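Inside the fold
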Amino acid sequence: MKFSFQASHRPQPIPEETVKYPTSKSLQQIRSGSPRKNWIREGDKLQDEWKWPQVVSCCGPISTLNPCNVLVIKGNFRKRENQRTLSLVKLMLHRPLQTGRQTRPQSEAEDEEEKQGCEKDSSDSTFSAGLISAVKMELDIQCEEMSPSRWAELLTTMKSCKTIRLDDCNLSSSNCEDLSSIINTNPSLTELKLNNNELGDEGVEYLCKGLLTPSCSLQKLWLQNCNLTSASCETLRSVLSAQPSLTELHVGDNRLGTAGVKVLCQGIMNPSCKLQKLQLEYCELTADIVEALNAALQSKPTLKELSLSNNTLGDTAVKQLCQGLVEASCNLELLHLENCGITSNSCTEISAVLRNKSSLMDLSVGDNKIGDSGLALLCQGMMHPSCKIQKLWLWDCDLTSASCKDLSRLISTKETLTEISLIDNNLRDSGMEMLCQALKDPKSKLQELWVRECGLTTACCKAVSSALSTNKHLKVLHMGENKLGDAGVEILCEGLMHPNCNIQSLWLGNCDLTAGCCATLATVMATKQCLTELDLSYNPLDDEGIRKICEALRKPSCNVQQLILYDILWSSAVDDELRALEESKPEVKIIS
């Protein structure tokens, strides 16, 4: 059971003059690239000192505010230079975000109990949400301006919380002094998440005083985008050296620099350190960091996840890192190297890691220009019997249809592979047809395929339809930003209607669709109970098409829970119908 402090159900758009967002085209791409979860919705009200654009993982509080689990971009560009901001936006176009799934419907008894225990926040913030679980004692608040009275109220609650998440709450170093006391006096606290707050080095110093106390049992610490510098690394090193309970450290989006992270590595090398996850994205690292990282990897068999994305490493450094990983005793499960300046020259060494580290299950090298030749080398490593890769992210890697031969062989033979992203690669219809042939292989166990913006047309839809009618494992298919047209979707629906097809999430945003294909889509919605999420955004469906979709939603046999309809024009009469439908079927979330 969760008690919520929530704002209005339908946040209003931020006025355009308040914040400079990317172009509508860019936003459209971001939405189409968001995995499984919906789109990005602006908040009601922009604070004066918001940070550069960040994506909020909305597993709880945002779903309370907007029950559809929306993602949020907020902020202006004043606090970071434009190049870095644009780099982040580019990352959001392609990289999956960790988002929470819909919770199960509550029983009437649970609803009544929640009503009795629910308190509504009366603070000024119109875009805030928090959760406190009476069972697990979790405090989860995002995007709330903390008044002194509100903060004092929450401090009392924190004394018994197991988890505290306060992302984007305009916290400062003075709040950290209070939090340090909470850490010291609350031995049950195991997770502290303070992302996107201007804590600064002084704030982290306060936190570390609490973290260094014997009563502290914190396991997970999140300090992403908290305005930290290398000065914070010395105090964090002390925590890593002295606090064996700490298993996760997330300090990305801070200007720690190579010198600062070298200091962190000293703490990781301490025998008392039991760190398992280390996130260092956007930390302004250079090739000089690799020697220290390799030394830490050699001494830390507990390390399972390492994220170094969006740092200027280059081929030489990545080669050295991979050689260190092969020799290290750690059982690395996740390695993220997105936008690290990698080319095909590094792929032999990355392939060696895949071949020698059977523990590695999640590899992302998106936004690196590895090309077809680099992909071929990676596939050699992944095809090795000892490789157990599950998730492979290759967005914007300069791949063409020539890569699809190797990818097809991988999909059809590597039974551990369940998720692959090929977004923004020029695969074209010929490449997609090869991938579909692989999906029809009985050995293929792929569950998620992302081929947004891959130069696809109606011509490939017959092959996709055939794959859908054969493959029982595929659950998520992203085909947005491809010129499929009504004719192509009509063909896709033939495969979707097949008894073998188990698609749960289908994304067809900006695919040149009109009302002409909506009757067929409506039939699929009303017939395939496995389909729970459908995105039709940025298609000119008009009133006629929306009404056909609504008709399907009203049917008891339709199990679609999230319908995404961004940037589609319809009349006020249709808008009233949509609102009425939401009221009559509260389990259905229409995102528009």
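Residues numbered from 1 in each chain as written. Predicted model: local features only at pLDDT ≥ 70, side-chain atom pairs only at ≥ 80, totals over all residues. Heavy atoms only, no water.

- Per an unreviewed UniProt entry, the chain is named Ribonuclease inhibitor, and its organism is Zosterops borbonicus.
- In its Subunit (unreviewed entry) section, UniProt records this for the chain: "Forms high-affinity heterodimers with RNASE1, ANG and RNASE2." (UniProt positions renumbered as here; feature names shortened; annotations may be inferred.)

1. What about the pattern of salt bridges?
- Inspection of every chain in the model, using the stated rule, returns 20 salt bridges.
- Among the salt bridges present, the one from arginine 150 reaches glutamate 153, with a minimum N-O distance of 3.5 Å. Within this pair, arginine 150 and its partner glutamate 153 are both found in helix α5 (residues 148-158), separated by 3 residues, close to a single helical turn.
- Judged by relative accessible area, which is 3%, arginine 150 ranks as buried.
- Note that lysine 277 is salt-bridged to glutamate 305, the shortest N-O span being 3.8 Å. Here the residue lysine 277 occupies a position in strand β10 (residues 277-279), and glutamate 305 occupies one in strand β11 (residues 305-307), the gap between them amounting to 28 residues. (Salt bridge = Lys/Arg side-chain N within 4 Å of Asp/Glu carboxyl O. Helix = DSSP H or I, 4+ residues; strand = E, 2+ residues; numbered from the N terminus. Buried < 20%, exposed > 50% of the residue type's maximum accessible area, 1.4 Å probe, protein only.)

2. Brief notes about the nonpolar core
- Counting 153 residues, the largest nonpolar core has Met158, Leu166, Leu223, Leu280, Leu394, Met479 and Leu508 as its most contacted members.
- Discounting chain neighbours no more than four positions away, the residues touching leucine 280 are Val251, Gly252, Val261, Leu264, Leu285, Leu293, Ser307, Leu308, Ser309 and Asn311.
- Judged by nonpolar contacts, the second largest core, of 5 residues, contains Trp507, Ile564, Tyr566 and Ile591. (Core = buried A, V, L, I, M, F, W, Y, C linked by side-chain atoms within 4.5 Å. Contact = heavy atoms within 4.5 Å.)

3. What about unusual backbone geometry?
- The phi dihedral of aspartate 253 is positive, around 60°, even though this residue is not glycine.
- Assignment of secondary structure puts aspartate 253 in the loop between β9 (248-250) and α9 (257-268).
- Of note in this structure, arginine 428 is not a glycine but carries a positive phi near 65°.
- Within the secondary structure, arginine 428 sits in helix α15 (residues 428-439).

4. What to know about the side chain of glutamate 349
- Tracing the backbone shows glutamate 349 in helix α12 (residues 347-356).
- Excluding its chain neighbours within four sequence positions, the residues that come into contact with glutamate 349 are Lys319, Cys322 and Gln323.

5. A word on helix α13 (residues 371-382)
- End to end, α13 covers 17 Å across 12 residues, agreeing with the expected 16 Å (1.5 Å per residue, within 8%).
- Those residues of α13 lying buried are Gly371, Gly374, Leu375, Leu378, Cys379, Gly381 and Met382. The arc enclosing the buried residues of α13, seen along the axis, measures out at 155°, which places them on a common side.
- On its buried face, α13 sits against α12, β14 (391-393) and α14 (404-413). (Expected span 1.5 Å × (residues − 1). Arc of directions from axis to C-beta.)

6. Topic: the packing of aromatic side chains
- Per the stated rule, a full pass over the model turns up 1 aromatic pair.
- Between tryptophan 393 and tryptophan 450, the aromatic rings sit 4.9 Å apart at their centres with planes inclined by 70°, giving edge-to-face as the arrangement. Of this pair, tryptophan 393 sits in strand β14 while tryptophan 450 sits in strand β16 (residues 448-450); the two residues are 57 residues apart in sequence, bridging distant segments of the chain.
- Judged by relative accessible area, which is 0%, tryptophan 450 ranks as buried. (Phe/Tyr/Trp six-rings, centres within 6.5 Å; stacked < 30°, edge-to-face > 60°.)

7. Comments concerning the environment of lysine 440
- You can see lysine 440 is positioned in the loop between α15 and β16.
- Here lysine 440 falls in the partly exposed class, since its relative accessible area comes to 30%.
- Each C-alpha atom, one on lysine 440 and one on alanine 467, is 5.4 Å from the other, the two residues being 27 residues apart in sequence.
- With sequence-adjacent residues up to four places away left out, lysine 440 is seen in contact with Ser466, Ala467 and Thr470.

8. Topic: the packing of helix α8 (residues 231-242) against α9
- Two elements in contact, α8 and α9, have axes whose closest approach is 7 Å; the angle formed by their N-to-C orientations is 15°. Our classification of the angle between α8 and α9 gives roughly parallel. Between α8 and α9 lies a crossing whose hand is right-handed. The segment α8 lies against α9, with Cys233, Glu234, Leu236, Arg237, Leu240 and Ser241 engaging Gly260, Val261, Val263, Leu264, Gln266, Gly267 and Ile268.
- By residue class, the composition of the contact of α8 with α9 is 7 nonpolar, 4 polar and 2 charged. (Axes fitted to C-alpha atoms, helices over the stretch in contact; angles between N-to-C directions. Parallel < 35°, antiparallel > 145°, perpendicular 65-115°, else oblique. Left-handed = near helix turned anticlockwise from the far one by under 90°. Nonpolar A, V, L, I, M, F, W, Y, C, P; charged D, E, K, R; others polar.)

9. Considering a negative patch on the surface
- Judged by side-chain charge, Glu177, Asp178, Glu202 and Glu205 come together as a negatively charged surface patch.
- Elements with a minimum of two residues in the negative patch: α6 (173-185) and α7 (200-211).
- Structurally, glutamate 202 is set in helix α7. (Patch = residues over 30% accessible without salt bridge, like charges linked within 9 Å, V, L, I, M, F, W, Y side chains within 5 Å. Areas by Shrake-Rupley, 256 points an atom, 1.4 Å probe, with all protein chains shown as cover. Lys, Arg positive; Asp, Glu negative; His and termini not counted. Charge placed at Lys NZ, Arg CZ, Asp CG, Glu CD.)

10. Notes on the packing of helix α17 (residues 485-496) against helix α18 (residues 518-527)
- At a minimum axis separation of 9 Å, α17 and α18 run at an interaxial angle of 15°. When the axes of α17 and α18 are compared, the pair comes out roughly parallel. Our pair here, α17 against α18, has a crossing hand that is left-handed. Of the residues in α18, those in contact with Val489, Glu490, Cys493 and Leu496 of α17 are Thr520, Leu521 and Val524.
- For the contact of α17 with α18, the class distribution of residues is 5 nonpolar, 1 polar and 1 charged.

11. Topic: the side chain of serine 465
- Tracing the backbone shows serine 465 in helix α16 (residues 461-470).
- According to the relative accessible area criterion, serine 465 is buried, its value standing at 7%.
- Beyond its immediate chain neighbours, meaning those up to four positions away, serine 465 contacts Ile491, Leu492, Glu494 and Gly495.

12. Re the environment of leucine 417
- Mapped onto the elements, leucine 417 comes out in the loop between α14 and β15 (419-421).
- Once the C-alpha coordinates of leucine 417 and glutamate 448 are considered, the two residues, 31 residues apart in sequence, prove to be 9.5 Å apart.
- With sequence-adjacent residues up to four places away left out, leucine 417 is seen in contact with Ile389, Gln390, Lys391, Leu392, Leu410, Ile411, Lys445 and Leu446.

13. Some details on the pairing of strand β6 (residues 163-167)
- Of all the 5 residues making up β6, 5 are buried; the element is thus mostly covered by neighbouring parts of the structure.
- The alternating pattern of β6 places Thr163, Arg165 and Asp167 on one face and Ile164 and Leu166 on the opposite face, and all of these are buried.
- Examined bridge by bridge, strand β5 (residues 138-142) and β6 share 5 bridges and lie parallel to one another. Looking across to β6, one finds that glutamate 138 is bridged to threonine 163.
- In this fold, β5 hands off to α5, which returns the chain to β6; that crossover is right-handed.
- Sheet analysis places β6 next to strand β7 (residues 191-193), joined by 3 bridges and oriented parallel. (Pairing = 2+ DSSP bridges. Right-handed = clockwise from strand over helix to strand, strands pointing away.)

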